[in-house]
Amino acid sequence: MTDVQEEHDKPSDTGRPSRHAMIMRGVVAPIFGLLAVASVIFGVLNATIWKPSSQITATTSVSGTQYVVTDPSVLTLVDTQATLTVQGQSGTQVCVAFGSSKDVTGWVAGYPYTRITGLSDWTTLSTEQASAQGTRESTDGAVDFQNSDMWSSVKCGTGSVSLSASEQDTDKLAIIDFGQSITTPATITLHWVRQTLPDFAMPLYFIGGLCVVLTILSASVFAMPPHKRRKRMVASEPVEVAEEVTVGQAVAGSLSGLRSAVKVRPKKRRRHARRADDGKKSRNGSAQNANETESEAPLVVDPSARNLVADQQHGESQGDDIHQTTVINTDELQAYFARLAQEMGDSQSSSGEDAESSTDAASLDDQDHQDHSEDMPEQEAQGDNDQMQNDHDSAAEEGGE
Amino acid sequence: MKNQAAKMIAAIMSVGLLIGVAACEGQVPKPTSSTSAQESPDLTQDQEKAIRQQILSVINAANEAKSADGLDVRMTGPALEIRTSELAIAQATGSLDAKTTIPEDITQTVIPTDSGWPRSVFTITTTTEDQQSKRLLVMNQDSARSNYKLWAIARLFQGAKLPKFAVPDHGSQMGTADDTGLVVTPQQAVEQYADLLQNGSSSQYASNFADDYFRQELTTLTQTVQEGMERNNGTQQQTFSAVKDQIAVMRSSDGGDLVVAQINSEWTRQAGEGRESQPASDAERALFGDGTATSTMKVTYVNVIALYVPPADSGQQITAVGAERQPVKVEAI
């Protein structure tokens, strides 16, 4: 976020971030941040301690046949660097050879054999019993298994034997000859050394990077109010301000206005009352009690307070102003009363009547004061300042009546 | 308590996550069935070399011992018959004929791609150290459980033009004795050539064959002997016959066949009245040994001939490119 944007934000946000921004910065951004950290951690782990093993060893156990043959491409299934180890019965000769598919097929023609068909999982070889087509050749004059010209490589051992394949053996099959059909299971192990390992770390690093970007975005751009993101032109600012005022502040403003109108009234009343007191002092010379109790009574008189003030200010030239203010006051007061009527209920309507009835009265102030002065003795008779609210209500009831 | 429960849940969840992310070796690979194996040559060049060297080591051992014992491990067919005779002669004369030399280096090998048996590998050696012509070696494998054996050796004629073959990494295709699409089938070509050897230029197939060194030499020899026999009022007769199933065919890349076959011949010489028929060469003499000569001598020869049979529409003649000829039996009748 640029400085300019921040400057724009401050005045309009009125110093406090919106709920949208709170969620984005307080919830979404941390989640993305955690995901980013987790991804990087898992990436590092996958590149180190969880790194896929380059050593793959698969095992199976066979018995019942003289020959075991791997399917094409099983020998170099995982990698071209393969080692075939056979652990047979101790003391008997076992031979392993790599040869082409057609040579191996020709050699086992007519014999049952065990197929190694592949990997059932990463540590187990899958096998299958099979019988080779063709007719069994007479063994008379036949060459020994390990002396055949066909094998690209061959090795024999007593008990166990191990033979490694090279890159030339990619299309070769492995054939194992136990010499005779074996009854005790022999263990066959294929071991590969993987040259290229699957890389799980890089995708996680990538995801982590994405999450970092999303964290930053959700803490900055996504946290901004939509209209700010959209319109950054200076020309659009006045519109924004106008919108904000109408939507957000208008309600709060009107509410506060009403509140202040209610709250302010006693002040005005007091101020008004002081002046009235002055008048009273001049007339009656009554005590402060009268001044305080006066503030509860005024509800009846209230609406005309402004007029009275204005009248007092321009009191000397009343004759000219009355006519003007009368015209203006009528409309304003009607609207004002209408609103007050909803808020305040019955008492206002009666006061409104009073006000209307007294619009043309030049000595309205005096009448009010007289009213006050008339009410005063009753309130003084009650004589309790603490019960001001009760008095206020009773006064309103009286006014309503 | 609440804290502990939350910790437990967190621990379980994290362990589950670890198990999911760990234990990753990738997907288990599946074997793919490749069809290329059927098209690959039966042997690599290294294998061919290894086989040839084994054969040569057996032959060299026999040469040194001047005994044919054990030769059948790596030799068969006409090559074995010829070598046995050569060794017998060497035993009698004390030295092997120079023509028995087989160079170790090769100029070309032709490896088949056929999956069945028998299989034949054709190999052409370099010239010998004493500038004898190249040898064409034919090594046969009769079955899966037998090894390659040297079946025939033919000395290629000087300047003989052999057809082109596919490179050994790709492999050639073996032909059969009944291959069609040629001037004649390989079997017929061998039979016609035997007739040509027997009847010379009067053979009805003479026009099918181009002139060759082997026939020239044989004709010269026959005429020389004929002249001598005529002086003594003797007669001589040679019969040539193709040996059944002793034939190897390899298809060349131009559509023709290179055919190597065995032709046996019997040379019967009958001396004039009151005279004995004697061996006609040092080899025959060595083979005859201390035998008692009579008026009639029958000498059995084993001939190996290599013929190039061109495609039918090529307009070419059948050409003999190499041959070997060795007396194997000399008997007085």
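Keep in mind the model is a prediction, meaning the values are calculated, not measured.

Definitions and limits used
- Residues numbered from 1 in each chain as written.
- Chains lettered and ligands numbered in written order.
- Predicted model: local features only at pLDDT ≥ 70, side-chain atom pairs only at ≥ 80, totals over all residues.
- Helix = DSSP H or I, 4+ residues; strand = E, 2+ residues; numbered from the N terminus.
- Buried ≥ 20, exposed ≤ 12 C-beta atoms within 10 Å, placed from the backbone.
- Contact = placed C-beta atoms within 7 Å.
- Core = buried A, V, L, I, M, F, W, Y, C linked by C-beta atoms within 7 Å.
- Expected span 1.5 Å × (residues − 1).
- Pairing = 2+ DSSP bridges.
- Axes fitted to C-alpha atoms, helices over the stretch in contact; angles between N-to-C directions.
- pLDDT = per-residue confidence, 0-100.
- Parallel < 35°, antiparallel > 145°, perpendicular 65-115°, else oblique.
- Left-handed = near helix turned anticlockwise from the far one by under 90°.
- Nonpolar A, V, L, I, M, F, W, Y, C, P; charged D, E, K, R; others polar.
- UniProt positions renumbered as here; feature names shortened; annotations may be inferred.

Draft legend 1. Representation of the overall build of chain A. Each helix and strand in chain A was counted, giving 12 helices and 10 strands. A buried classification covers 28% of the 401 residues belonging to chain A. For chain A, the proportion of contacts with a sequence separation of at least 24, taken over those separated by at least 6, is 83%.

Draft legend 2. View of the overall build of chain B. The number of helices and strands found in chain B is 6 helices and 8 strands. Across chain B, helices and strands are ordered from the amino to the carboxyl terminus as α-α-α-β-β-β-β-α-α-β-β-α-β-β. The 333 residues of chain B split such that 37% are buried. Contacts spanning at least 24 positions in sequence make up 65% of the contacts within chain B whose residues lie at least 6 apart.

Draft legend 3. Broad picture of the environment of Thr185(B). Residue and element names in this part refer to chain B. Within the secondary structure layout, Thr185 lies in the loop between strand E4 (149-156) and helix H4 (186-199). The spatial distance from the C-alpha of Thr185 to the C-alpha of Pro311 is 9.9 Å, given a sequence separation of 126 residues. Non-local contacts of Thr185, meaning those with residues more than four positions away in its chain, are made with Ala177, Asp178, Asp179 and Thr180.

Draft legend 4. Summary view of the nonpolar core. Counting 71 residues, the largest nonpolar core has Ala154(B), Val190(B), Val259(B), Val260(B), Ile305(B), Ala306(B) and Leu307(B) as its most contacted members. Residues within four places of Leu307(B) in sequence aside, it is in contact with Ala189(B), Val190(B), Tyr193(B), Val259(B), Ile318(B), Thr319(B) and Ala320(B). The next biggest cluster of nonpolar side chains, apart from the first, holds 41 residues, and it includes Val94(A), Tyr113(A), Met150(A) and Trp192(A).

Draft legend 5. Layout of H4(B). Residue and element names in this part refer to chain B. Look at H4: 20 Å from first C-alpha to last across 14 residues, which is about the 20 Å you get at 1.5 Å a residue. As for H4, its buried residues are in contact with helix H5 (213-231), strand E5 (235-251), strand E6 (257-270), strand E7 (296-309) and strand E8 (319-332). Two residues or fewer after H4 comes Gly200, characterised by a positive phi angle close to 65°.

Draft legend 6. Region of interest: helix H2 (residues 19-47) of chain A. Here H2(A) spans 41 Å end to end across 29 residues, near enough to the 42 Å set by a 1.5 Å rise per residue. Looking only at H2(A), the buried set comprises Met24(A), Ala29(A), Phe32(A), Ala36(A), Ser39(A), Phe42(A), Gly43(A) and Asn46(A).

Draft legend 7. Local environment of the environment of Ser281(B). For Ser281(B), the location among the structural elements is in the loop between E6 and helix H6 (282-288). Along the chain, Ser281(B) and Pro327(B) lie 46 residues apart, while their C-alpha atoms are 9.6 Å from each other.

Draft legend 8. How the structure looks around unusual backbone geometry. A cis amide bond links Trp117(B) with the next residue in sequence, Pro118(B), at an omega value of 0°. Along the polypeptide, Pro118(B) turns up in the loop between strand E1 (106-110) and strand E2 (119-125). Positive phi, close to 70°, is recorded for Ser73(A), a residue that is not glycine. If you check the backbone angles, Lys66(B) has positive phi at about 50° while not being a glycine. The topology assignment puts Lys66(B) in the loop between helix H2 (45-65) and helix H3 (77-93).

Draft legend 9. Local environment of the sheet that holds E2(B). Residue and element names in this part refer to chain B. Spatially, E1-E2-E3-E4-E8-E7-E6-E5 is the arrangement adopted by the 8 strands of the open sheet, whose pairing is antiparallel. The strands lining the two open edges of the sheet, one partner per strand, are E1 and E5. When the angles between neighbouring strand axes are averaged without regard to direction, this sheet yields 25°. Here E6 pairs with E7 via 14 bridges, running antiparallel. By the bridge assignment, Gln270 is partnered in E7 with Thr296. Contacts from H4 reach E5, E6, E7 and E8, with the element oriented near 160° to E5.

Draft legend 10. Spotlight on the confidence of the model for chain B. Residues and elements named next belong to chain B. For chain B, the average pLDDT comes to 87, and 93% of its residues sit at 70 or higher. In the model of chain B, helix H1 (residues 2-21) stands out as the element of lowest mean pLDDT, 65, in contrast to E4, which has the highest, 94. Across the interface, the model reports ipTM at 0.82; the global pTM reads 0.66.

Draft legend 11. Local environment of the packing of H2(A) against helix H4 (residues 201-219) of chain A. All names here are of chain A. Across the interface, H2 lies against H4 with an axial gap of 8 Å and an inter-helix angle of 165°. As judged from the angle between their axes, H2 and H4 are roughly antiparallel. In this structure, H2 crosses over H4, and the sense of that crossing is left-handed. The residue inventory of the contact of H2 with H4, partitioned by class, reads 17 nonpolar, 7 polar and 1 charged.

Draft legend 12. Structural view of the interface of chain A and chain B. If you look at the interface, chain A gives 30 residues, while chain B gives 26 residues. Secondary-structure elements contributing two or more residues to the side of chain A that touches chain B are helix H3 (101-107) and strand E5 (112-121) of chain A. A total of 5 residues in the side of chain A that touches chain B trace back to one element, the largest contributor, which is H3(A).

Draft legend 13. How the structure looks around the UniProt feature "transmembrane region" (unreviewed entry) in chain A. Residue and element names in this part refer to chain A. The UniProt record annotates "transmembrane region" (unreviewed entry) at residues 26-50 and 204-223. Overall, residues 26-50 shows 88% helix and 0% strand. The separation of its end C-alpha atoms is 33 Å. The annotated region residues 204-223 carries 80% helix and 0% strand content, and the separation between its end C-alpha atoms amounts to 26 Å.

Draft legend 14. Inspection of the pairing of strand E4 (residues 93-99) of chain A at higher detail. All names here are of chain A. For E4, the buried fraction is high: 6 of the 7 residues fall into the buried class. In this structure, E4 lies alongside strand E7 (residues 153-158), joined through 6 bridges in antiparallel fashion. Counted as the bridge partner of Ala97 is Val154 from E7. Where E4 lies against strand E9 (residues 173-177), 5 bridges are found, and the strand directions are antiparallel. Following the sheet pairing, Ala97 is matched in E9 by Ile175.

Draft legend 15. Geometry of the confidence of the model for chain A. Residues and elements named next belong to chain A. Overall, the predicted model of chain A reaches an average pLDDT of 71, with 58% of residues at or above 70. This stretch, residues 1-13, has a pLDDT under 50; its non-local contacts, to residues over four places away or in other chains, come to 4 contacts. With pLDDT under 50 throughout, residues 276-295 is counted as low confidence; its partners more than four residues away or in other chains account for 25 contacts.

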